[in-house]
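What follows is the residue order along each chain.
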Amino acid sequence: MIGIVSATAAGAAAGARLAAAWPQRTRGYGGPVADAVRAAFAECEQVVCFLATGAVVRLIAPLLGDKRTDPGVVCVDEAGRFAVSLVGGHRGGANDLAREVAEVLGAEPVVTTATDAVGVPGLDTLGLPVEGDVAGVTRALLDGAPVALRAEVAWPLPPLPVGAAGQYTVRVTDRLVEGAAREVVLRPPSLVVGVGASRGAPAEEVVGLVEGALAEAGLSPASVARLATVAAKAEEPGIVAAAERLGVPLVTYSAEELAEVAVPHPSDAPLAAVGTPSVAEAAALLAGGELLVPKRKSVRSDGRPAMATCAVVRRPGRGRLAVVGLGPGARDLLTPRAAAELRRASVLVGLDQYVDQIRDLLRPGTRVLESGLGAEEERARTAVEEARRGHAVALIGSGDAGVYAMASPALAEASDDIDVVGVPGVTAALAAGAVLGAPLGHDHVSISLSDLHTPWEVIERRVRAAAEADLVVTFYNPRSRGRGWQLPKALGILAEHRAPTTPVGVVRNASRADESARLTTLAALDPASVDMMTVVTVGNTATREIAGRMVTPRGYRWQESAR
């Protein structure tokens with residue numbers, strides 16, 4: 001929850017704008033300002049104060065305790081010009097909150113933490129438990145000192161300026177080790193603990209078994225991602241208590257699912273009790289990976305039979321592939337989500353000219369794999385291979401990556417052993433449509449005239465179908481130096497079904513600095529004036545030119561009533 005504190009009418013108005021934008025995330029605090037700040041600080045994960053920075057500093061100074069638990073505090077000036085991340089920039093999330101507040105209010109975010117200033121991700125912002133010399137290793141990263149990455153468990157990380165050797169170390173491990181001098185230990189959520197228990201098993205017995213199994217195997221509880229058991233034990237107090245003690249979710253599976261898992265130590269007891277020969281091992285193995293701790297039973301001090309079992313599996317680190325659409329070229333049409341994925345990726349794969357567009361957005365340490373025109377399948381394979389190696393990968397394409405771009409070849413290569421995220425972008429058709437007016441106001445279709453990947457017979461059949469269906473048509477890849485006859489042919493097909501005066505919009509380099517656009521007609525369009533950087537939009541029988549703009553009504557009835 002985000003607490004909002006203000007002292008003036010202007011601050012209250014700005015706070016109301018935040019509350020309207022985030023109705024489920026915010027809580028307003030009124031009354032005397034000092035009391036309001038104190039209450040918000042105690043009750044909320046983050047606080048936004050519409051007060052002078054000096055006043056906020058004095059008010060929260062007595063409240064500060066530990067940066068690991070204190071809320072993040074953002075201060076906004078009276079005029080709403082700046083959103084300042086004051087305390088808790090990383091762990092308290094104040095840096096990200098300042099950017100969010102600035103976006104809502106139209107302010108400038110002010111973030112002064114050193115890592116954010118130079119684009120290096122903070123070691124305590126990676127979403128992983130972190131131990132050791134965070135300050136020292138971070139300082140080394142900022143100073144450009146050699147820092148080694150020692151990844152004992154492959155896990156997708158954002159780009160870090162690290163190498164194979166150095167006096168400082170970033171260690172990624174789920175082992176129960178203490179960080180050495182000049183070392184940071186990152187704990188990936190790589191362990192899954194399967195648990196079985198008899199009805200009424202004491203919580204202390206289950207918790208003690210799980211903690212003891214991890215300790216004896218030399219595994220860190222901080223790397224446990226979840227506990228898993230059979231559905232029939234979803235509310236067993238001891239199992240629930242173990243999940244709560246570790247601070248992880250409890251996942252359940254049906255007995256039928258568990259019974260299908262091959263385990264090294266099946267037993268008749270769980271088969272009779274819940275319908276599967278294994279609970280602990282089977283539940284852990286369903287996560288996939290290596291069985292580090294086979295089934296073990298609890299030991300009771302009173303000598304009575306064990307009432308709990310557990311097993312531990314190390315699941316493999318899943319690489320992450322983000323397929324990112326960069327939009328039509330203008331920086332302000334690159335979505336915030338796309339920019340965030342570019343900063344998150346440790347490996348970037350893309351066409352060289354697209355890489356040049358966004359190179360300044362990449363964090364230091366990002367590995368860039370770029371290639372020229374005509375290597376789409378190679379780039380897709382490379383991106384998937386890098387993700388399978390456990391990296392966080394961004395594969396970029398222009399417009400929307402799923403429209404005549406990289407998503408299709410990448411997903412054709414990818415299997416379910418990696419996580420895939422699609423990031424939409426503004427397409428060339430949409431960018432051109434906005435320049436022309438509203439040509440896509442009713443049903444429309446996009447057709448690529450390039451026969452490099454699609455036989456012309458197929459393309460022609462699609463153009464003819466669109467013509468007969470009276471759809472607005474946007475032509476991608478309309479004409480190149482070595483391919484000049486397809487556009488005249490396609491226009492001829494449309495002319496069989498549409499009047500010569502049908503509006504046609506021609507936009508070159510939509511949204512870019514050298515953008516050009518013109519409105520013509522189906523009869524007057526000169527195909528020789530079109531190239532590969534151009535989008536051609538042909539209206540349907542209802543499309544009209546109105547005040548120099550191309551407009552397709554939302555419906556034919558609407559058009560008739562407007563006459």
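What you are looking at is a predicted structure, and each value in this text was computed from that prediction instead of being measured.

On to the overall build of the chain, then. Along the chain, the regular secondary structure elements total 19 helices and 28 strands. Buried residues in the chain amount to 46% of all 563 residues. Here the contacts in the chain between residues at least 6 apart in sequence split such that 64% fall between residues at least 24 apart. Carbon together with sulfur atoms contributes 52% to the accessible area of the chain, which is approximately 26,200 Å² in total. A distance of 1 Å separates the average location of the 56 positive side-chain charges in the chain from that of its 63 negative side-chain charges.

This paragraph deals with the environment of Asn 509. Within the secondary structure, Asn 509 is located in the loop between β24 (503–508) and β25 (516–521). Here Asn 509 falls in the buried class, since its relative accessible area comes to 8%.

Moving on, we get to the pattern of salt bridges. In total, this model carries 28 salt bridges according to the counting rule given. Here Arg 171 and Glu 152 are joined by a salt bridge, their closest N and O atoms 2.5 Å apart. Of this pair, Arg 171 sits in strand β9 (residues 168–172) while Glu 152 sits in the loop between β8 (147–151) and β9, placing them 19 residues apart in sequence. Here Arg 245 ties to Glu 211 by a salt bridge, and the two come within 3.1 Å at their closest N and O atoms. Of this pair, Arg 245 sits in helix α8 (residues 237–246) while Glu 211 sits in helix α7 (residues 203–216), placing them 34 residues apart in sequence. For Glu 211, a relative accessible area of 35% gives the class partly exposed. Where salt bridges share partners, they join Arg 150, Glu 152, Arg 171 and Glu 183 into one cluster.

So, on to the packing of helix α17 (residues 456–468) against helix α18 (residues 486–495). Put simply, α17 and α18 touch, their axes get as near as 9 Å, and they point 30° apart. When the axis of α17 is compared with that of α18, the two are roughly parallel. Where α17 crosses over α18, the two elements pack in a sense that is right-handed. Contact residues: Trp 456, Glu 460, Val 463, Arg 464 and Ala 467 in α17; Gln 486, Lys 489, Ala 490, Ile 493 and Leu 494 in α18.

Attention shifts here to the pairing of strand β10 (residues 183–186). Burial of the side chains of β10 extends over both faces: Glu 183 and Val 185 are buried on one face and Val 184 and Leu 186 on the other. In terms of strand pairing, strand β7 (residues 130–132) meets β10 through three bridges, oriented antiparallel. Within the sheet, the bridge partner assigned to Gly 132 lies in β10 and is Val 184. The pairing of β9 with β10 spans four bridges and is parallel. By the bridge assignment for β10, Thr 169 is matched with Glu 183.

Before going further, it helps to examine the nonpolar core. Grouped together as the largest cluster of nonpolar side chains are 24 residues, with contacts concentrated most on Val 193, Val 206, Leu 214, Val 224 and Leu 227. Going through the elements one at a time, β11 (191–197), α7, β12 (224–230), α8 and β15 (308–314) are the ones with two or more residues in this core. Per-element accounting of this core gives the leading share, six residues, to α7. In contact with Val 206, other than residues within four places in its own chain, are Val 195, Ala 197, Ala 201, Gly 238, Ile 239, Ala 242 and Ala 308.

This part takes up the sheet that holds strand β22 (residues 444–448). Backbone-to-backbone hydrogen bonds join strands into a sheet, with any given pair of strands oriented parallel or antiparallel. On the basis of which strands lie adjacent, the open sheet formed by five strands has the order β22-β23-β26-β24-β25 and mixed pairing. Two strands bound the open sheet, and with one partner strand each, they are β22 and β25. Shown here is a sheet whose adjacent strand axes are inclined to one another by a mean of 20°, direction ignored. Sheet analysis places strand β23 (residues 472–476) next to strand β26 (residues 534–538), joined by three bridges and oriented antiparallel. The partner of Thr 474 across the bridge, within β26, is Thr 537. Along the sheet, α18 makes contact with β23 and β26, crossing β23 at roughly 175°.

Strand order in this open sheet of three strands is β21-β28-β27, and the pairing throughout is mixed. With partners counted over all chains shown, the strands left at the sheet margins are β21 (437–438) and β27 (544–546), one partner each. Taken together, the two bridges between β21 and strand β28 (residues 549–551) define a ladder with parallel strand orientation. Its bridge partner being in β28, Ala 438 is matched across the sheet by Val 551.

Conventions adopted
Residues numbered from 1 in each chain as written. Predicted model: local features only at pLDDT ≥ 70, side-chain atom pairs only at ≥ 80, totals over all residues. Heavy atoms only, no water. Helix = DSSP H or I, 4+ residues; strand = E, 2+ residues; numbered from the N terminus. Buried < 20%, exposed > 50% of the residue type's maximum accessible area, 1.4 Å probe, protein only. Contact = heavy atoms within 4.5 Å. Areas by Shrake-Rupley, 256 points an atom, 1.4 Å probe, with all protein chains shown as cover. Lys, Arg positive; Asp, Glu negative; His and termini not counted. Charge placed at Lys NZ, Arg CZ, Asp CG, Glu CD. Salt bridge = Lys/Arg side-chain N within 4 Å of Asp/Glu carboxyl O. Axes fitted to C-alpha atoms, helices over the stretch in contact; angles between N-to-C directions. Parallel < 35°, antiparallel > 145°, perpendicular 65-115°, else oblique. Left-handed = near helix turned anticlockwise from the far one by under 90°. Pairing = 2+ DSSP bridges. Core = buried A, V, L, I, M, F, W, Y, C linked by side-chain atoms within 4.5 Å.

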